[in-house]
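Summary of structural features
Here is how the chains run, residue by residue.
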Amino acid sequence: MQTHPIERAPHSATPDRSAADRAAADRAAREPVAAPQRTAAPRLADAQRDEAPVAVPRGGRFVGLLVFRGRASVLGELCGDVVADGALRVGPEA
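The sections below set out a description of the structure shown in this document. (Residues numbered from 1 in each chain as written. Predicted model: local features only at pLDDT ≥ 70, side-chain atom pairs only at ≥ 80, totals over all residues. Heavy atoms only, no water.)

Secondary structure summary: the protein contains two helices and three strands in total. Classification of the 94 residues of the protein by burial places 12% in the buried group. Across the protein, the fraction of contacts at a sequence separation of at least 24, relative to all contacts at a separation of at least 6, is 1%. For the protein, the exposed surface amounts to about 8700 Å²; the carbon and sulfur share of it is 53%. (Helix = DSSP H or I, 4+ residues; strand = E, 2+ residues; numbered from the N terminus. Buried < 20%, exposed > 50% of the residue type's maximum accessible area, 1.4 Å probe, protein only. Contact = heavy atoms within 4.5 Å. Areas by Shrake-Rupley, 256 points an atom, 1.4 Å probe, with all protein chains shown as cover.)

This is the structure we're talking about:
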């Protein structure tokens, strides 16, 4: 059985680029990159800030154990126990 050596094409690490392409790449590499603009987070109105996240929405029903930390609101029907480390607001229709 005869073996033949594999001929390989000459390989260049970087493709040929024109002088204009190289100059443009050099200019782009030296240009400063603008920092992203920082914006302030939107502020909540006082009424929104005082509202607690809704655990049971109006018209909803929850059966079981409600456990939370912080603030929560129950606006719907709650049948079960509540374990809280915070404040629970119970709506008028709950």
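This part covers the pattern of salt bridges. Under the defined criterion, the tally for this structure stands at three salt bridges. As a salt-bridge pair, Asp 85 and Arg 69 come within 4.0 Å of each other at their nearest N and O atoms. Highlighted residues: Asp 85 in strand S3 (residues 77–90) and Arg 69 in strand S2 (residues 61–74), separated in sequence by 16 residues. For Asp 85, a relative accessible area of 52% translates into the label exposed. Taking relative accessible area as the criterion, Arg 69 reaches 74% and is therefore assigned exposed. (Salt bridge = Lys/Arg side-chain N within 4 Å of Asp/Glu carboxyl O.)

A few words on the sheet that holds strand S1 (residues 54–56). Across the sheet, three strands lie side by side as S1-S2-S3; this open sheet has parallel pairing. Because the sheet does not close on itself, it has two edges, and the strands there are S1 and S3. For this sheet, the mean inter-axis angle between neighbouring strands, taken without regard to orientation, is 15 degrees. In this sheet, S3 lies alongside S2 in parallel orientation, the contact comprising 14 bridges. (Pairing = 2+ DSSP bridges. Axes fitted to C-alpha atoms, helices over the stretch in contact; angles between N-to-C directions.)

This part is about the nonpolar core. Ranked by size, the top nonpolar core spans five residues in total: Val 56, Leu 66, Phe 68, Ala 72 and Val 74. Here this core takes four residues from S2, the largest share from any one element. Those residues in contact with Leu 66 that sit more than four places away from it in its chain are Ala 55, Val 74, Leu 78, Asp 81, Val 82 and Val 83. (Core = buried A, V, L, I, M, F, W, Y, C linked by side-chain atoms within 4.5 Å.)

Let's shift gears to a nonpolar patch on the surface. On the surface, Leu 65, Val 67 and Val 83 cluster together to form a nonpolar patch covering roughly 280 Å² of accessible area. Summarising the element assignment, Val 83 is placed in strand S3. (Patch = residues over 30% accessible without salt bridge, like charges linked within 9 Å, V, L, I, M, F, W, Y side chains within 5 Å.)

Mapped onto the fold, Ser 73 is located in strand S2. Not counting residues up to four positions away in its chain, the partners in contact with Ser 73 are Ala 52, Pro 53, Val 54, Ala 55, Val 56 and Arg 89.

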